[in-house]
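# A look at the structure
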Amino acid sequence: IDKLEQKLEENKISALKYIMQSNGGSASFNFAKKTPINMIESGPVAGVFGSALLGKLLGFKNVISLDVGGTTAKCSLITNNEVTVVTDYRIERNERNAGYPIMVPVVDIVEIGNGGGSIAWVDDIGALKVGPKSAGAVPGPIAYGLSGEDPTTTDACLITGKLSAENFEMKVDLDNIKNQLIEKIGKYFNMTYEDAAVSIIKVAESNMLNALKIISVRKGHDPREFALIAFGGGGPMHACALAKELNIKKVVVPVGASVFSAWGMMMTDLRHDYLKTHICRTLDISIDDVNRIWGELRDEAEKQYADENVKRDDIIFSYTADMRYMGQEHTVKVSIPAPPWTDEIKNEIIKRFHDIHEKNYTFKLETTPTEIVNFHLTSFGKIEKPVINEIQVNKCDILETIKEVRPVYFPQDGFIDTKVYKRDKLWPGIELKGPGIVEEHSVSTVFFKGDKLTVDKYGNLIIDLEVE
């Protein structure tokens, strides 16, 4: 951070400078240097925050964000336009290791090793796997022409027509991709290179689907009540296929999807979280003690914002508590009213806890005493943000929007001739019937037969899916 700050000063950039944090807000350089652990996962978190903001702008209060990049796929659930923040996030957690709890506020995301560069391979028992090992940027997928020999999701998408070789900055040797698909995958399963490519995509999307289920179905949420916002270089390519599996009816592909997380960072306010661990029975703690704890946390927040030149009128507070049943190890986060508390508020908080616990874990124990573990004050310092403008694209003949027609593989129909549209030629209000692909330099959006794609006034692609 010191080096970055020095370079900015050398280039005479005197604007206010902030750094994204894992809690969904930003912080000053000085604060970030004091507590760098708060920057963990801040890049993916920015995309989740951007999804919540975009969902609110478009009138979707419940949103699932899907961010597919080169090495990973990340997803998160947003309800009532609020991102979920947890305090038990673990680094290096996988199916064999419990990981290390960092005990700072982190937006609740699920991340798996599946992206455009994820390598397809056959395991010891003969099952086709995709990821978590990635080809990275060097040598990258076979398509990059940098001596990569392992087929990846990107290579498979090229063979199935979801990607175009023309959009790569290097010359793509399709024959080499086909040969490697046969050599590494096809021979083992007695497949053609096309079948191998299709199988790779199916496995990759199955992995992504499991991640989406972890943050939705397995936490008591019905995906049919959510819109899916897809971004990153690969998110829009897989979004409709995944949405259909979950019976999601609407997919949104934002403007600048490949760099949407950067836009999310630009739209954040300053945010600081203050936690006080004070384990107590909810009914036993005195009202005076509760109000004193909240007062101390507020005083700490106001002092921090004063150091960052934020006015008191520009500070917003939000109050939550980590609660559990007596004898439990895990907690759930409960949104609570602002202090001062009363006995009536205590009873309301306990009721909220029972309801949330039942939603998350399918049961509640109304006769078991409840405990508060952490008092959690979230504070926001409002800062100036970019204005979202409506796009200005002149209507043209529909034929001018079509880049080409090429064979594309769809699960229900196999390879069919599919229209490929130029995104920069699409105007607000235009309607396209699937199947089709909307291409831009860094993103390919695939939609299916029966789907309808429209463009809103901001330039976002809104896809209404044909689902059961």
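Residues numbered from 1 in each chain as written. Predicted model: local features only at pLDDT ≥ 70, side-chain atom pairs only at ≥ 80, totals over all residues. Heavy atoms only, no water.

## Details of the overall build of the protein chain
What the protein chain contains, in helices and strands, is 10 helices and 25 strands. Overall, the C-alpha framework of the protein chain stretches about 75 × 55 × 45 Å when taken along its three principal axes. Across the 468 residues of the protein chain, 50% fall into the buried class. Accessible surface computed for the protein chain: about 22,900 Å², of which carbon and sulfur atoms make up 49%. The averaged location of the 66 negative side-chain charges in the protein chain is 1 Å from the averaged location of its 55 positive side-chain charges. (Helix = DSSP H or I, 4+ residues; strand = E, 2+ residues; numbered from the N terminus. Buried < 20%, exposed > 50% of the residue type's maximum accessible area, 1.4 Å probe, protein only. Areas by Shrake-Rupley, 256 points an atom, 1.4 Å probe, with all protein chains shown as cover. Lys, Arg positive; Asp, Glu negative; His and termini not counted. Charge placed at Lys NZ, Arg CZ, Asp CG, Glu CD.)

## A look at a nonpolar patch on the surface
Residues Tyr361, Phe363 and Leu365 make up a contiguous nonpolar surface patch of roughly 250 Å² in combined accessible area. By the secondary structure assignment, Phe363 is in the loop between helix H10 (343–361) and strand S18 (370–381). Classification of Phe363 as partly exposed rests on a relative accessible area of 36%. (Patch = residues over 30% accessible without salt bridge, like charges linked within 9 Å, V, L, I, M, F, W, Y side chains within 5 Å. Salt bridge = Lys/Arg side-chain N within 4 Å of Asp/Glu carboxyl O.)

## A word on helix H7 (residues 235–246)
Here H7 contains 12 residues, and its C-alpha end-to-end distance of 16 Å stays within 8% of the 16 Å for a straight helix at 1.5 Å per residue. Summarising burial for H7: 10 of the 12 residues are buried, a large majority. Listing the buried residues of H7 in full gives Gly235, Pro236, Met237, His238, Ala239, Cys240, Ala241, Leu242, Ala243 and Leu246. Trailing H7 by a residue or two, Asn247 shows a phi angle of about 60°, which is positive. (Expected span 1.5 Å × (residues − 1).)

## Here's the deal with the pattern of salt bridges
Any two side chains of opposite charge can pair if their charged atoms end up close together. Counted by the stated rule, this structure contains 31 salt bridges. Between Glu296 and Arg292 there is a salt bridge; the shortest N-O distance is 3.3 Å. On the criterion of helical spacing, the pair formed by Glu296 and Arg292 is a turn pair, its members being four residues apart in helix H9 (residues 287–307). Arg292 gets classed as partly exposed once you look at its relative accessible area, which sits at 40%. The partner of Glu390 in a salt bridge is Lys457, with the nearest N and O atoms 3.8 Å apart. You can see Glu390 sitting in the loop between S18 and strand S19 (402–410) and its partner Lys457 sitting in the loop between strand S24 (452–455) and strand S25 (461–464), a full 67 residues away along the chain. Glu390 gets classed as partly exposed once you look at its relative accessible area, which sits at 45%. Residue Lys457 is classed as partly exposed on the basis of its relative accessible area of 42%. The network of salt bridges with shared partners includes Glu166, Lys403, Glu404, Arg406 and Glu439.

## As for the pairing of strand S4 (residues 73–79)
In terms of burial, S4 is largely enclosed, as six of its seven residues are buried. Of the pairings in the sheet, the one linking strand S3 (residues 63–68) to S4 comprises six bridges and is antiparallel in character. Looking across to S4, one finds that Val63 is bridged to Ile78. Counting the residues that bridge the hairpin from S3 to S4 gives four residues. Alignment of S4 against strand S10 (residues 110–112), held across three bridges, turns out to be antiparallel. From the neighbouring strand, Ala73 faces S10, where its bridge partner is Ile112. Bridging between S4 and strand S5 (residues 82–83) involves two bridges; their strand directions are antiparallel. Considered in S5, the bridge of Ile78 is made with Val83. (Pairing = 2+ DSSP bridges.)

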